[in-house]
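Observations on the model geometry
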There are 2 protein chains.
Amino acid sequence: MIADMTLNAFLEELASNSPAPGGGSAAAVSGALGAALISMVCRLTLGKKGYESVEEEIKTALDKSDELCKTLTSLIDEDITAFNTLMDTLKMPKETPDQKNIRNTMLQNAFRKAAESPLKIASACLETIILAKEIVNKANKNLISDIGVAAQQAYGGLESAIINVKVNLPYIKDKTYQDNMSKQIEILSVQGQNYRDDTCGEMNKQIG
Amino acid sequence: MIADMTLNAFLEELASNSPAPGGGSAAAVSGALGAALISMVCRLTLGKKGYESVEEEIKTALDKSDELCKTLTSLIDEDITAFNTLMDTLKMPKETPDQKNIRNTMLQNAFRKAAESPLKIASACLETIILAKEIVNKANKNLISDIGVAAQQAYGGLESAIINVKVNLPYIKDKTYQDNMSKQIEILSVQGQNYRDDTCGEMNKQIG
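For every chain, the first residue of the written sequence is number 1, and numbering continues from 1 along that sequence. Chain labels run from A onward and ligand labels from 1 onward, assigned in the order the entries are written. Only residues with pLDDT of at least 70 are given local features in this predicted model, and only at 80 or more are side-chain atom pairs given and counted; all residues enter the totals for whole chains, interfaces and linings. Hydrogens and water are ignored here; the side-chain numbers use all heavy atoms of the structure.

**Overview of the interface of chain A and chain B**
The contact criterion used throughout is that any non-hydrogen atoms of two residues lie within 4.5 Å. Residue-level contacts link 52 residues of chain A with 52 residues of chain B. Taken together, both faces of the contact between chain A and chain B bury some 4,100 Å²; the carbon and sulfur share is 70%. For chain A, the biggest contributors to the area lost against chain B are Leu7, Leu33 and Ile163 of chain A; these three give 15% of the whole. When a carboxyl oxygen of Asp or Glu lies within 4 Å of a side-chain nitrogen of Lys or Arg, that pair is called a salt bridge. For the pair chain A and chain B, the interface holds zero salt bridges. The term polar contact refers here to a pair of N or O atoms within 3.5 Å; inside protein, the definition further demands a hydrogen-donor-capable atom paired with an acceptor-capable atom, and it admits residues adjacent in sequence only when both atoms are side-chain atoms. Remark: the boundary between chain A and chain B carries 20 residue pairs in polar contact (both at pLDDT 80 or more). At the level of secondary structure, the elements contributing two or more residues to the side of chain A that touches chain B comprise helix 1 (7–15), helix 2 (23–43), helix 3 (55–90), helix 5 (144–166) and helix 6 (175–207) of chain A. Strands are runs of DSSP state E lasting at least two residues, helices are runs of H or I lasting at least four, and both sets are numbered from the N terminus onward. Broken down by element, the side of chain A that touches chain B gets its largest block of residues, 14 residues, from helix 5 of chain A. Counted by class, the side of chain A that touches chain B contains 27 nonpolar, 19 polar and six charged residues. A simple way to read buried area is as the amount of 1.4 Å-probe accessible surface that goes missing from two parts once joined, with both sides added. The residue classification treats Ala, Val, Leu, Ile, Met, Phe, Trp, Tyr, Cys and Pro as nonpolar and Asp, Glu, Lys and Arg as charged. All others, Gly included, are polar.

**A look at unusual backbone geometry**
Of the consecutive residues Ala20 of chain A and Pro21 of chain A, the connecting peptide bond is found in the cis state with omega at 0°. Here Pro21 of chain A lies in the loop between helix 1 and helix 2.

**Considering helix 5 of chain A**
To estimate how far a helix should reach, multiply one less than its number of residues by 1.5 Å. A rise of 1.5 Å per residue sets the reference length of helix 5 of chain A, with its 23 residues, at 33 Å; its end C-alpha atoms lie 33 Å apart and thus fit the reference within 8%. Extensive coverage of helix 5 of chain A is indicated by the burial of 22 of its 23 residues. When accessible area is computed with a 1.4 Å probe and restricted to protein chains, residues below 20% of their type maximum are described as buried, those above 50% as exposed, and intermediate ones as partly exposed.

**Observations concerning the environment of Asn142 of chain B**
Tracing the backbone through its elements, the reader meets Asn142 of chain B in the loop between helix 4 (97–135) and helix 5 (144–166). For the pair Asn142 of chain B and Asn204 of chain B, spaced 62 residues apart in sequence, the C-alpha to C-alpha distance is 13 Å.

**A closer look at the relation of the copies chain A and chain B**
After a rotation of 180° and a shift along the axis of 0.0 Å, chain A superposes on chain B with an RMSD of 0.0 Å. Put plainly, the chains are arranged around a two-fold axis. Looking at the rotation axis and the C-alpha trace of chain A, the residue lying nearest is Thr6 of chain A, at 1.8 Å. Copies are brought into register by a least-squares superposition over C-alpha atoms of residues with pLDDT of at least 70 in both.

**What to know about the pattern of salt bridges**
The full count for this structure, using the stated rule, is 16 salt bridges over all chains. Between Arg196 of chain A and Asp197 of chain A there is a salt bridge, and its shortest N-O distance comes to 2.9 Å. Given a relative accessible area of 39%, Asp197 of chain A falls into the partly exposed group. With a closest N to O distance of 3.7 Å, Glu56 of chain B and Lys59 of chain B form a salt bridge. In this pair, Glu56 of chain B and Lys59 of chain B both sit in helix 3 (residues 55–90), three residues apart, roughly one turn of the helix. On the accessibility criterion, Glu56 of chain B (53% relative accessible area) is exposed. Look at Lys59 of chain B and you get partly exposed, because its relative accessible area is 38%.

Structural data, given as structure tokens:
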């Protein structure tokens, strides 16, 4: 698993002349950073004086953020697999009509996977931003900046993932599928931006 | 160094009930992801047919992005040190007038460091976004999405770092210093957004 690499080794691998890991992996890492920060804020709220009344909500948020962090971490690998499969499929022989047919069918599937994997990353990032919004006026006020950063990181991950959906769509021939995916990323982007702005707006009120 | 931890261990540490690493570290990691992606795009452009005329510019960009990635990685640790120093200073005795005086002076220094470290992160993130803009119409077109992601990641890092500057400013008593820092983060934010939008605008033209 990529997450078993050191951060230095991951950055080196990202910067290397191998196209994977690439932008999709960065998107998932960014979302995972956001989710981890929400977990930290929740852990530093639970059991603290003055926050007894939100205990249950914070516990629920913590379960969700821990889960989102895991999901986003595993999506780093899923995205690399989808990308590598696409690259392998592009190298398939295309001499005979039969080879062309098989390659085309497999390519269409590979492009779908390469678009669907970052769509999952974008969705998990949106859930992370929504969590940030949910706890911004409830969690430990000393950690307010970390909630804002969580929203920004998850939003950066969301927009990065959307780019990776977009770049694959033109190669998918099914127009209905294409339109459906375009609509989904449009909604994810608008919602992500709204929840991020709401979260940071509330944060700014508290920072003063 | 934090970057010697595995990504999993870092996320676990971030999510733990220890306040450091926190949002400042996440900001620096996000910027480093952006810089690393620019390095990847440059490496996959150099020596490629059709890109001979931009060879020198891409080499210069690569040197800068490799350097920015290193800088941002070392800023993860600098930010944690600044935060921990601040926490230690807050715990200093404040019984006698002398103790109060010493503590107050040291606290002012500690708050400045805690604001200046994320300011450095924000500056390095802006430089990364500017690099993305510089290469968006020059580098290998197959990697266009990675340039967009680089801009988004560095912008996420910039906004996250700015939050960490902002949250420390109210505690700094020197009004001139405060105003100066506020102006700097305002400029960084506006420039970051403009360069990100320009980069993604150019990217979208290419994706179609």
